[in-house]
Amino acid sequence: MMRFLRRTFGRGSMRRYQSPGERDRRGRGGIGTLPQPHPHLHQQQLHHVPTVVTGGAVVHIPAAGNSKSVLTCRVLLLDGTDVSVDLPKNAKGQDLFEQILFHLDLVEVDYFGLQYMDTEQVAHWLDFTKPIKKQIKNGPPYTLHFRIKFYSSEPNNLHEEFTRYLFVLQLRQDILSSKLKCLYDVSVELAAYCLQAELGDCDPPDHSPELVSEFRFNPKQTEAMELDIFQKWREFRGKSPAQAELSFLNKCKWLEMYGVDMHVVKGRDGCDYALGLTPTGILVFEGPNKIGLFFWPKITRMDFRKRKLTLVVVEDDEQGREQEHTFVFRLDNAKSCKHLWKCAVEHHAFFRLRQPTHGRAGKNDFVRLGSRFRFSGRTEYQATHGRLRRTSTFERRPSKRYPSRRQSTVKASNPAKAAHLSAQNNPDANIYPAQYKQNIPSAHEHWHAAHPVQPAQQLHLAYPVGGRKPTPDDWTARKLSNSRDENYSYVQEQNRKNSGGAPSKMQHDNLMTTL
C-alpha cells in the first residue's frame, strides 16, 4: 500500500506531471493563472444540502439594546426550526453561536458548529474568531446550518440525552441524503429504532406498514422495506426513546463512513482521489474503494502552499526501522487547499490532543507552515471530562409526515377519492400548527405505483370509503389478489383496518397527537 501511495502522491515525482508553464511560474515564485475546476470534481466537492427530517417552528431573536444597525442571520437547526437572529453589524461568529446555544440550552457544545455555503455552493465552517460579514458573501440575511462538526468516536461518552438526540437527527439527515450509506438490514434496523423513539411500542391494531410509508428513512425506501421496518419495530417493544436513540448511535458508529469528512484531491497522475478526515486519521479513497489510511500518530507534519497539501508520514520498513515519507496532494485552488488543511488541523487537535496548543508554532510542531490558524476550541478529551448538570428537559420534534403510499397510489388513479381519503385519515388536521402539517418539498415526491394502475387493479389498491358497501365482484377480485401476493395482502388488510370507518379514540391518541 505504501508503495502505491508513494508512487501516486510522492513529492519527488510531482514535477514530471506539471506543464512547462507551471514549472516556470514556480521558478519565478509567481502564482499564475489557476486552471478551472473539472466539472465532475467540482460536483463532488459540493456538500449535500441538509435534509430536514422533522417539522420545525420559526423563531426570532431580536438584537439587544436599541441598536439600529443590525446584522440578520438565519440559522436552520437540526430539528427543522428556523431561527432568525439580529446581531450588531460587527458581530463575530462566537456571538451568533452563543445565541443559538442559549436558545437550545445545549451544554455539550464542542461537537457542533455553524456551516454556510460560499458563492460556489461549497460548505465552510464559520470561524468564531472572525466577523460574520467578512466570511459570508451571500447576504444579508446570512443563512447558516447548525450541525455536527465532530462526530463522537464513542457515542456512549455523550453525557446528555439531548446531545444524543441531536446526533440522531444529524445521522438521519446523512442517511437520507446518501452521505452515509448502509446495508439494507442496517437501514431497516435504524428506521425501526427511530419509530420506537418517536411513537413508542408498536401496536398492530393501531399501527400498520402504511404508517411507516409516511416517514422518510432511506433514499431507496420501498414498500418491501417498509414492511420489514414494521416487523423489526415490533421487536423493539419496551425500549424508551433514550434507549432506542442510544441503540441507533451504537449501530451507526460501526458504519464505514460514519463521521468521515470527505475532500476531493488529485494525485500526481491527474486522477481524482478523496481524503476522508476521521477520528483515527486520514483515509485515502480511489472512487468508492479505500486504498490507504494515515493514522494521526504517524503524521509528523502537515502544511500547505498554494494548491498543494503536504503530509509527512513515518512508517516502519521491512526491517522494522522508521522511514519518513512525504505525500503531496493537489487541489483546484489555494482556497480549497487551505480549507482542507484547516479541517485536518481541527480534526487532529480535537481527537488526538488532551488540550489545544496555544502560541506560535515551533520547529517540531505538527503544524509548521501555511497559516497562523490554530484550533481554538476544546478537545474531545476535555468535552468528555467536563462537569455535568443535574437535570435537563427537552421536547422531541415529530418527524415530517408525508402522504402514505396508499394515498399517493389512489391519487394517481382517482384524485377525488384521494382527497376524500386524506380528509378521512386526518379529521383534525386544522387544529395542529401550520409547521406540523404534511409538507412535501421538491426533493421528495409522492409515492407512485411501479406500473400504471388499471381499472381492474383498483379494487385491491383502494378499499371502499364513504360508506359504500362492497359488491361480490369486489371481494372476488380481492381474493384473487391475495392469492398472488400474501405480503401485499397483509399490507392492504392493515390499511383497510386503519382507514375503514371512523378512527378509534386510541388510534387518534397514538397517531395524530404525534404530528
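Up top is the structure these notes are about.
What you are looking at is a predicted structure, and each value in this text was computed from that prediction instead of being measured.

Engineer: Could you clarify how one ought to interpret the overall build of the protein chain in this entry?
Structural biologist: Secondary structure assignment for the protein chain yields 17 helices and 13 strands. Residue burial in the protein chain is summarised as follows: out of 515 residues, 48% are buried. If you take every contact in the protein chain between residues at least 6 apart in sequence, the share linking residues at least 24 apart comes to 67%. Surface exposure of the protein chain reaches about 26,900 Å², of which carbon and sulfur atoms provide 50%.

Engineer: How should the packing of helix α5 (residues 161-176) against helix α9 (residues 241-252) be read in this particular structure?
Structural biologist: For any two helices packed against each other, the geometry is given by the interaxial angle and the distance between the axes. Where α5 contacts α9, the axes come no closer than 10 Å and their chain directions differ by 50 degrees. By the angle between their axes, α5 is oblique relative to α9. Read as a crossing pair, α5 and α9 show a hand that is left-handed. Packed against α5, whose contacting residues are E161, R164, Y165, F167, V168, L171, R172 and I175, the element α9 presents A242, E245, L246, F248, L249 and C252 at the interface.

Engineer: So what exactly am I meant to see when it comes to the packing of aromatic side chains here?
Structural biologist: A ring pair, where both rings are aromatic, is described by two values, the distance of the centres and the angle of the planes. Using the criterion set out here, one finds 18 aromatic pairs in the structure. A ring pair is formed by F112 and F146, whose centres lie 5.2 Å apart and whose planes are at 10 degrees; its orientation type is stacked. Placement of F112 in strand β4 (residues 112-117) and of F146 in strand β6 (residues 142-148) is noted, with a sequence separation of 34 residues between them. Just as F112 is buried, F146 falls in that class too. Members of the aromatic cluster, joined through ring pairs, are F97, Y111, F112, F128, F146, F150, F167, F350 and F351. We note R216 situated over the ring of Y402; from NZ or CZ to the ring centre the distance is 4.4 Å.

Engineer: I'm lost on the nonpolar core in this one. Help?
Structural biologist: Inside soluble globular proteins, nonpolar side chains tend to come together where they are buried. Within the largest apolar cluster, 70 residues are counted, with the highest numbers of intra-cluster contacts made by L96, L106, F112, L144, F146, L166 and F248. Looking at which element gives the most residues to this core, the answer is helix α6 (residues 184-199), with 10 residues. Counting 25 residues, the second-largest nonpolar core is a separate cluster that includes V284, I291, W341 and A344.

Engineer: What am I meant to see in unusual backbone geometry here?
Structural biologist: Of note, the phi angle at D105 is positive, near 60 degrees, even though the residue is not glycine. You can see D105 is positioned in the loop between α4 (93-104) and β4. Judged by relative accessible area, which is 43%, D105 ranks as partly exposed.

Engineer: Please explain the sheet that holds β4 as it appears in this structure.
Structural biologist: Backbone-to-backbone hydrogen bonds pair the strands of a sheet. The strands run either parallel or antiparallel. Strand order in the open sheet formed by six strands is β1-β3-β2-β6-β4-β5, with mixed pairing between adjacent strands. Strands with a single pairing partner mark the edges of an open sheet, and in this sheet they are β1 (58-61) and β5 (123-125). Averaged over neighbouring strand pairs, the angle between their axes works out to 30 degrees when direction is ignored. Here β1 runs beside strand β3 (residues 82-88); their pairing, made up of four bridges, is parallel. From the neighbouring strand, I61 faces β3, where its bridge partner is V85. Packing of α4 onto the sheet brings it into contact with β1, β2 (70-76), β3, β4 and β6, and relative to β3 it is tilted by some 135 degrees. Sitting on the sheet, α5 touches β4 and β6, and the angle it makes with β6 is about 110 degrees.

Calculation notes
- Residues numbered from 1 in each chain as written.
- Predicted model: local features only at pLDDT ≥ 70, side-chain atom pairs only at ≥ 80, totals over all residues.
- Heavy atoms only, no water.
- Helix = DSSP H or I, 4+ residues; strand = E, 2+ residues; numbered from the N terminus.
- Buried < 20%, exposed > 50% of the residue type's maximum accessible area, 1.4 Å probe, protein only.
- Contact = heavy atoms within 4.5 Å.
- Areas by Shrake-Rupley, 256 points an atom, 1.4 Å probe, with all protein chains shown as cover.
- Axes fitted to C-alpha atoms, helices over the stretch in contact; angles between N-to-C directions.
- Parallel < 35°, antiparallel > 145°, perpendicular 65-115°, else oblique.
- Left-handed = near helix turned anticlockwise from the far one by under 90°.
- Phe/Tyr/Trp six-rings, centres within 6.5 Å; stacked < 30°, edge-to-face > 60°.
- Lys NZ or Arg CZ within 6 Å of the ring centre and 35° of its normal.
- Core = buried A, V, L, I, M, F, W, Y, C linked by side-chain atoms within 4.5 Å.
- Pairing = 2+ DSSP bridges.

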